[in-house]
Amino acid sequence: MHPRLGQLFFFLILLPVLTLGSRATFAQSWPAPPKLAAPNWMLIDATTGQTLASANADSRINPASLSKLMTAYLTFAALRERKIRLDQNVASPTEAEIPQGARMFLLPSKDVSVAELLQGLIILGAHDAAIALSKAISGSESAFVESMNKAAQRLGMSNTHFANATGVPHPEHYSTVADLVKLANNLISEYPEHLREFGRRELTYNGIRQVNRNRLLWLDNSVDGLMTGRSETEGFALAVSAHRPQPLGTRERMQRRLIAVIAGAATEEVRAQEGLKLLNFGFQQFDILRLFRADEASENIPVFKGTSGTARLHFPRDVLVAIPRGRADNIRTQLERPNALLAPVSIGQPVGQLRIWLGDTEIHQVPVSAAESVKAAGLLGRAIDAMRLWWRAL
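Criteria and thresholds
- Residues numbered from 1 in each chain as written.
- Predicted model: local features only at pLDDT ≥ 70, side-chain atom pairs only at ≥ 80, totals over all residues.
- Heavy atoms only, no water.
- Phe/Tyr/Trp six-rings, centres within 6.5 Å; stacked < 30°, edge-to-face > 60°.
- Helix = DSSP H or I, 4+ residues; strand = E, 2+ residues; numbered from the N terminus.
- Lys NZ or Arg CZ within 6 Å of the ring centre and 35° of its normal.
- Pairing = 2+ DSSP bridges.
- Buried < 20%, exposed > 50% of the residue type's maximum accessible area, 1.4 Å probe, protein only.
- Contact = heavy atoms within 4.5 Å.

## Observations regarding the packing of aromatic side chains
In the structure shown here, the tally under the stated rule is 6 aromatic pairs. Between the aromatic rings of Phe 76 and Tyr 191, the centroid separation amounts to 5.7 Å while the plane-to-plane angle is 55 degrees, which identifies the pairing as tilted. Linking Phe 76 in helix α4 (residues 68-80) with Tyr 191 in the loop between α8 (177-190) and α9 (195-198), this pair joins segments that are 115 residues apart in sequence. Members of the aromatic cluster, joined through ring pairs, are Tyr 73, Phe 76, Tyr 191 and Phe 198. The ring of Tyr 174 is capped by Arg 60, whose NZ or CZ atom sits 3.6 Å from the centre of that ring.

## Looking at the pairing of strand β2 (residues 50-55)
Summarising the sheet, strand β1 (residues 40-45) and β2 pair through 5 bridges and their orientation is antiparallel. Residue pairing in the sheet places Met 42 in a bridge with Ser 54 of β2. As consecutive antiparallel partners, β1 and β2 are separated by 4 residues, and within that stretch Gly 49 has a phi angle of approximately 85 degrees, a positive value.

## Quick look at the pairing of strand β14 (residues 331-336)
Burial analysis of β14 places 5 of its 6 residues in the buried class, which makes it a mostly covered element. Bridge analysis of β14 against strand β16 (residues 350-358) gives 6 bridges, and the strand direction is antiparallel. In the strand pairing of β16, Arg 332 is matched with Trp 357.

## Regarding the environment of Gly 359
Inspection of the secondary structure puts Gly 359 in the loop between β16 and β17 (361-370). Classification of Gly 359 by relative accessible area gives partly exposed; the value is 28%. Beyond its immediate sequence surroundings of up to four residues, Gly 359 is in contact with Asn 330 and Arg 332.

Here it is as structure tokens:
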């Protein structure tokens, strides 16, 4: 067993005491976020999945055109599943089907390729592109909206409901910045091959040149997406992602990605200004620390009723954690896993978790999984282990 993991079991007894750190203690150890001129916002480190800062992240908002992140997500899924093709031509929607707002100015009598529609959707947030894609994928916008809500449930967006593919106001169309961050993170991690489209600054279609409304694409070269929105009642919104090189130890560097969503800004300028402020806070106030490499901290766990008496556990990926800059000495870890497993055991099966603490405050959890499979033993082997388990329970 890895020597650092050997120390972890000591903390199991102390756990009830160590989890009593107050909010005041956490506030003293965690960098204070900047004051933003927007009521709802959230910043995560997509490299680790940790939330770095937030305000009113679970309050219901009108997502406006940020809804098109889900439209894009389902379009990427349809492309991967070969329901549609980038070079496929589809019919443009009729004028009556297109709500007021951003457009790429499709011609009602002219077919358009899926590739062009994706550019209009992503770069311009075009309503006509969203309608055309939804009909091409699902046959109708209403059927597409059903898929949007099913995907939201699957992604754990528990405070989100979609009523259309464009984000136009509707009483049953709502979300939260926390749910939109979750959507943005899944979109990037599942479909990285499409991310470059979000970083394009302009699009010319039908002889009309239009620019991306995400001003951060001009202000910060590390920004590569994602989308903007505007609501007449709630102001301006932004979903933004950025990646910058990050030292990892003394000899290595990695590309670290942050994702932020801001809602309720008063103007386009404020939206961009506060987005950049939040990204700079995340990159400047936090470091990435690698606790273990993938497979480095493996150990064996007893297995009963199996063809093998043990199974190897491991971290399937490097264990990374975002910590306040200069606070690496205050990090400690605790491995939680059962004393034994019952066969069958599948490779990749979740077995436990590594809990990571900054002082007395838990800041991250990383799953531990089985690194190998163990099949169920025969009747005699299972009977023998059943007797062993009965004897241990006495």
